[in-house]
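Observations on the three-dimensional arrangement
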Amino acid sequence: MVTGLILLDSFSKEPLYMQLYRHFKSEIEQNKCNAGDKLPSIRWLANNLSVSKITVEKAYQQLVSEGYVSSRSRSRYVVNKLEEAAIRPYTALVSKEYEPFGQRNVRYDFASGEMDSDGFDFSLWKRYINKAFLDKNRLMGYGNSKGEEELRREIVNYIRSRGVYCHREQIVVGPGVQNLLNILCSILQVEHNSIAFEEPGFTNGRRVWADWGFTIVPVRMRQDGIDTDELIRSGVKLVYLTPSHQFPTGYVMPIGKRTRLLKWAQQTGAVIIEDDYDSEFRYFGRPIPALKGLDNEGSVVYLGSFSKVIPPSIRLSYMVLPDQLRERYEQNSPLYNQAVSTIEQLALAQYMADGQLERQIRRLRKLYCEKQLLFMETIKRIFGSRADVKGTGSGLHIVLTVKSALSPREMFLKAMEQGCRIAPIQNYYLAAVPENLPQVILYFSKIPSGEMETAIKLLKDAWF
């Protein structure tokens, strides 16, 4: 295993992940490790260095993107074989003025699905926070491990619009989907050691399961959703899906395939994890019902998040556990302390009860619908025949196919030179990426409407 003495300076202006990246890069370039050597696991290294897993992940991502290491199953990273001539001093590759993954030079972040800066009324939210402070006795304890009862009751009412009917004891609140996935991993590892994911799919979600030792099985996407034949042949009895707006392709799974998946799960005892991450933002036609709404046998775990409708800094997500998994959770509930602030839970519960969340969603839906139309029209006008844009009338991003000979990595670097951060779609593949024209994911939610033309022109200048 590649380690060596790792010294991180928490007082340095250089981010910790860059310090960690430099350490491993130096070890590899100085031949202190051999091709095929394994890097420490993300969890092990984070614990031993007393840093977050995100810090280690970002360092490893940088090493992967530059070709120093490869990512393998179970979240293992392995040193690649390097040609001697390719090894040059670090200063010749990256200057202090240019850090590819740094935020210092990013003017327009097309890789982020964060909210529009005018998309939330913080003064209103502050009033609800102040109301939550009135019940001081309530705030002196750790709170319910599942989440405050008022909030779970409001969530039950809220998700009925998605066709999901449940009782509040099935709801578990958490600070983000990844935190809830850690709970799911602990519950499901008793019966499962592998999980299927859409290919391409939710990269951060895959990492959580890999950290728990699950084998990740990528299953190709079709235009009507995950390839069910390939899924069935894999023999895996646990699958992670985004059926109502697949990420990142935007495909919607039709009713016929949903019914077939549920029948497969019922016949085999499989568990389907449905991530309904941005269901609020369908701009044309009726919302697509959740897969969970068709589940009569308790085969589906439903995941939802408020991070697209209220700022993600207010860390609030939730899941709906089928009764058999709920009982297993409750047996181990002393292990799951609630990690979401009681104050924010109570504030959100009252915010929802007063109808403020519905108003907020209506405002955002109108705002983002207008922004998506403007975004796509501007791209078509500026790029012309040099790119094809695909939007689905929902969500906060589009997929852009660029008619260029540049590699995805070159496109990323050239965009960064222009102050634009983009996300090549190859980043969301676990296995081999199909050989076709480069595709990038572009979020429009964070780009100011008045600056869209400027931002898109920068991308065109970068690539052409």
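The coordinates are above.
Keep in mind it's a predicted model, so treat the numbers as computed, not measured.

Pairing is antiparallel in the open sheet, where four strands are placed in the order E12-E13-E16-E15. This sheet does not close on itself; its edge strands, each paired only once, are strand E12 (387-390) and strand E15 (423-424). Pairing of E15 with strand E16 (residues 439-443) involves two bridges; the strand directions are antiparallel. Residue pairing in the sheet places alanine 423 in a bridge with isoleucine 441 of E16.

Attention shifts here to the environment of glutamate 344. By the secondary structure assignment, glutamate 344 is in helix H12 (residues 342-353). Residues glutamate 344 and tyrosine 128 lie 216 residues apart in sequence; the distance between their C-alpha atoms is 8.7 Å. In this view, glutamate 344 contacts Trp125, Ile129, Ile314, Arg315 and Leu316; residues no more than four positions away in its chain are not counted.

Quick look at the sheet that holds strand E5 (residues 194-199) now. One open sheet accounts for eight strands, arranged E4-E11-E10-E9-E8-E5-E6-E7; its pairing is mixed. Two strands close off the open sheet at either side, each with one partner strand: strand E4 (171-174) and strand E7 (225-226). Two strands pair when backbone bridges link them, and strand E9 (residues 271-275) and strand E10 (residues 300-305) are joined in this way by four bridges, in the parallel orientation. Within the sheet, the bridge partner assigned to aspartate 275 lies in E10 and is leucine 303. Each of E5, strand E6 (215-222), strand E8 (238-241) and E9 is contacted by helix H8 (residues 203-211), which is oriented at about 165° to E5, the strand it contacts most.

On E12, burial follows the alternation: Ala387 and Val389 on one face are buried, whereas Asp388 and Lys390 on the facing-out side are not. Where E12 meets strand E13 (residues 397-402), four bridges bridge the pair, whose relative direction is antiparallel. Each residue of the ladder has a partner; that of lysine 390, found in E13, is valine 399. Hairpin remark: E12 followed by E13, antiparallel, with six residues in the connecting loop; positive phi at glycine 393, about 70°.

Take the nonpolar core next. Counting residues in each nonpolar core, the largest one holds 82 residues, and the members touching the most others are Phe110, Ile159, Phe306, Leu400, Leu442 and Trp463. Element by element, the count of residues in this core is highest for helix H13 (residues 356-383), at 10 residues. The contact partners of tryptophan 463, leaving out residues within four places of it in the chain, are Phe383, Leu400, Val402, Ser404, Leu406, Met411, Lys414, Ala415, Ile422 and Val440. Leu181, Leu188, Ala210 and Phe214 belong to the second largest nonpolar core, which has 27 residues in total.

Rules behind the numbers
- Residues numbered from 1 in each chain as written.
- Predicted model: local features only at pLDDT ≥ 70, side-chain atom pairs only at ≥ 80, totals over all residues.
- Heavy atoms only, no water.
- Pairing = 2+ DSSP bridges.
- Helix = DSSP H or I, 4+ residues; strand = E, 2+ residues; numbered from the N terminus.
- Contact = heavy atoms within 4.5 Å.
- Axes fitted to C-alpha atoms, helices over the stretch in contact; angles between N-to-C directions.
- Buried < 20%, exposed > 50% of the residue type's maximum accessible area, 1.4 Å probe, protein only.
- Core = buried A, V, L, I, M, F, W, Y, C linked by side-chain atoms within 4.5 Å.

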